[in-house]
Amino acid sequence: PSAHPAQSPVHSLVAAGRTAMAAYYTNKTDWQSVHDGVHRGIRVRTYWLLDPKSGHYKKDPRWSWVAVAPGLRTAAVLERHLPARRIGLLDLASGKVERWIQVDHPVGGLEFSHDGTRLVATTYSENPDKRVKMDDIDRVPVSVKSSRTGFYVFDVASAKGSWADVGVVRDDQGNEINARQDFGFCRDGRTVTGRQSITPGDRFYDVSGRETSVPAAERHRDWFVDAGLSPDGTRFAGEFAGEKWHTSSWILDRRTGKHVAEVRGQMLLAWADDRSLIAWDIAEGDKNEFHNRLVLVTGGSDKEVPLTGLLKGTDGTVGRWEPVFAER
């Protein structure tokens, strides 16, 4: 692996196996108004993108959202003010937008298909990253409604696509807690499902927006775990286990959903190969759940390889950053 255990945030390429950290971002809330003691603002991301030539991450403040295609050559980007009226296809080597895709329905989130040939763009009528602060707590209250309106699916090569009208997902009590309810692709590239919604993966749609059944290969997936299906399609990354080690996670059989292994790591983020994964984990002997770093973990091994230095602060504070992974 390409590891830099003394760097946090990182400056040089972090990668393991087939997967590289193509970018990372930090979050900061821009408080814009106060009324009756309630502070209202926007949660803003700042990205550092991998420069393929130098192998270093460079700050690029132009974008509010970045999704990187497999191969690390192209990124889909949205400009600063969400929701955006156009999508940029950015050449990572030159830093220039090669093409703009204009949209009739403004976009707030992007994700490439597993093979990089398609792009799903989630549409919103308002900025999905609104925040309020009450009693000095930075949070999204139940009263903040999602403004999701649907999604586009674009063919990346031709930039042609169509929009589907798919609104907000609510739970059994009619609540819609998350303002951001982004869509993402299933492994087949033909089915999309909700991300960052109340119950991720509970509804599936074809590219025209018709609700469909869960694809057979995704039936037992834990949609709260980013790593998803293994490259060979036999196993899923699962939830926190904490049995064999203080911090560990389950690996599930794709066909049955049963636990087949336990690997180290608090949170499984991406598969490096068919046996190894990139994960967040705390340092040995550390019990602070926020004092974590990127590590490489392997099934059947007690060892883990640190890939970065430790995050600083606690959840939502300065010194923390989030990785964006893509297949090399």
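Right above here is the structure, for reference.
What you see is a predicted model, and the numbers here were worked out from it, not measured in a lab. Each residue is numbered by its place in its chain's sequence as written, counting from 1. Totals for whole chains, interfaces and linings use all residues, but because this is a predicted model, local features are given only for residues with pLDDT of at least 70 and pairs of side-chain atoms are given and counted only at 80 or more. Processing note: side-chain calculations cover all non-hydrogen atoms of the structure and skip hydrogens and water entirely.

Turning next to the pattern of salt bridges. Criterion for a salt bridge: a side-chain nitrogen of Lys or Arg within 4 Å of a carboxyl oxygen of Asp or Glu. Evaluated as defined, the whole model comprises 12 salt bridges. For arginine 255, the salt bridge goes to aspartate 253, with nearest N and O atoms at 3.6 Å. Here arginine 264 makes a salt bridge to glutamate 284, at a shortest N to O gap of 2.9 Å. Of this pair, arginine 264 sits in strand β20 (residues 259-264) while glutamate 284 sits in the loop between β22 (276-282) and β23 (292-298); the two residues are 20 residues apart in sequence, bridging distant segments of the chain. Each helix is a run of H or I in the DSSP string that is no shorter than four residues. Each strand is a run of E no shorter than two, and both are numbered from the N terminus.

This brings us to the sheet that holds strand β17 (residues 211-212). Read from one edge of the open sheet, four strands run β14-β15-β16-β17, paired in antiparallel fashion. Strands with a single pairing partner mark the edges of an open sheet, and in this sheet they are β14 (183-185) and β17. Relative to strand β16 (residues 204-206), strand β15 (residues 191-194) runs antiparallel, the two being bridged by three bridges. Paired with threonine 193 across the bridge in β16 is phenylalanine 204. Pairing between two strands is assigned when DSSP locates at least 2 bridges connecting them.

Our focus in this paragraph is the environment of leucine 82. Mapped onto the secondary structure, leucine 82 falls in the loop between β6 (74-79) and β7 (84-91). The sequence separation of leucine 82 and aspartate 129 amounts to 47 residues, and the corresponding C-alpha distance is 8.3 Å. The contact partners of leucine 82, leaving out residues within four places of it in the chain, are Ser64, Val107, Gly108, Asn127, Pro128, Asp129 and Arg180. Whether two residues are in contact is decided by their heavy atoms, any of which lying within 4.5 Å being enough.

Nonpolar cores were defined as sets of buried Ala, Val, Leu, Ile, Met, Phe, Trp, Tyr and Cys residues, with membership established by side-chain atoms within 4.5 Å. With a 1.4 Å probe rolled over the protein chains alone, any residue whose accessible area is under 20% of its type maximum counts as buried; one over 50% counts as exposed, and the rest are partly exposed. Ranked by internal contacts, the top residues of the largest apolar core, which has 56 residues, are Met21, Val68, Ile87, Leu110 and Leu294. Setting aside anything within four residues of it in sequence, one finds isoleucine 87 in contact with Ala76, Val77, Leu78, Arg99, Trp100, Ile101, Val103, Val107, Leu110, Leu119, Ala121 and Phe154. Counting 11 residues, the second largest nonpolar core, distinct from the first, contains Val225, Ala237, Val263 and Val295.

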